[in-house]
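Remarks on the overall topology
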Amino acid sequence: MNEPDEVIAVLSASPGRRAFAVGSMGVLGVLLVLLGFAMGHAPVSAIAFVLIGAVVLLMSWQQYKVTETTLELTEAELRTEDGVTLARVEDITGIDRGVLAFKPSQGFLVHTRTSQARAWAPGLYWRFGRLLGVGGVTNAAQGKFMAEMIQALISSGDR
């Protein structure tokens, strides 16, 4: 049996998906700002475009910083490499990986017994109530392996 704190699976951002996601949001932000400056005859619209573009650029930077981290699965919890607990394994009731599941791209959906505080790391995970969506710009093979390991951990805990 493994140590409770030993990392079983790791999930990190795929470099190509990360570059595409951050780059497309950055380009959108720049285009919105430029469009706002080009609209000289409608000052209210121009200000709105510049502000929205600035927010999109900030979100792009946020996604760039957040996707530098990885997610780790131990026998006790699913956490970030910084130590932030996303879900305790004993609290997980099930995993959804199906095509029609409301999950992030290349990821999976975790159902928990108790409601958790809302959290969002664009491209890595989101948490809302009793649902935790993991994925987005993550590596597909790592995500599948992590979901299978979580399923195995909760199945072994049911016996």
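Higher on the page you've got the structure.
Read on for an overview of the structure.

1. Examining the overall build of the protein chain
The helix and strand inventory of the protein chain stands at three helices and seven strands. Going from N to C terminus, the protein chain has its helices and strands arranged as β-α-α-β-β-β-β-β-β-α. Counting only C-alpha atoms and orienting by the principal axes, one finds that the protein chain spans roughly 70 × 30 × 30 Å. Counting over 159 residues, the protein chain shows a buried share of 42%.

2. Here we look at the packing of helix H1 (residues 15-38) against helix H2 (residues 43-66)
Interaxial distance between H1 and H2 falls to 7 Å at its minimum, and their mutual angle equals 160 degrees. It follows that H1 is roughly antiparallel to H2 by the angle criterion. With respect to the hand of their crossing, H1 and H2 are arranged in left-handed fashion. Classifying every residue of the contact of H1 with H2 gives 18 nonpolar, six polar and one charged.

3. Some details on the sheet that holds strand E6 (residues 108-121)
As summarised here, the arrangement of the three strands in space is E5-E6-E7, forming an open sheet in which the pairing is antiparallel. Since the sheet does not close on itself, it has two edges, and those belong to strand E5 (92-96) and strand E7 (125-134), each with one partner. The mean angle between the axes of side-by-side strands here comes to 70 degrees, regardless of whether they run parallel or antiparallel. Pairing of E5 with E6 involves four bridges; the strand directions are antiparallel. For Asp96, the partnering residue across the bridge sits in E6 and is Leu109.

4. Re unusual backbone geometry
Here Gln106, not a glycine, exhibits a phi torsion of approximately 60 degrees, which is positive. In this fold, Gln106 is placed in the loop between E5 and E6.

5. Here's the deal with H2
Taking 1.5 Å per residue, 24 residues should reach 34 Å; H2 reaches 34 Å between its end C-alpha atoms and fits that length. Among the residues of H2, those classed as buried are Ala46, Gly53, Val56, Ser60, Gln63 and Val66. At its buried positions, H2 is contacted by H1 and E6.

Rules used throughout
Residues numbered from 1 in each chain as written. Predicted model: local features only at pLDDT ≥ 70, side-chain atom pairs only at ≥ 80, totals over all residues. Heavy atoms only, no water. Helix = DSSP H or I, 4+ residues; strand = E, 2+ residues; numbered from the N terminus. Buried < 20%, exposed > 50% of the residue type's maximum accessible area, 1.4 Å probe, protein only. Axes fitted to C-alpha atoms, helices over the stretch in contact; angles between N-to-C directions. Parallel < 35°, antiparallel > 145°, perpendicular 65-115°, else oblique. Left-handed = near helix turned anticlockwise from the far one by under 90°. Nonpolar A, V, L, I, M, F, W, Y, C, P; charged D, E, K, R; others polar. Pairing = 2+ DSSP bridges. Expected span 1.5 Å × (residues − 1). Contact = heavy atoms within 4.5 Å.

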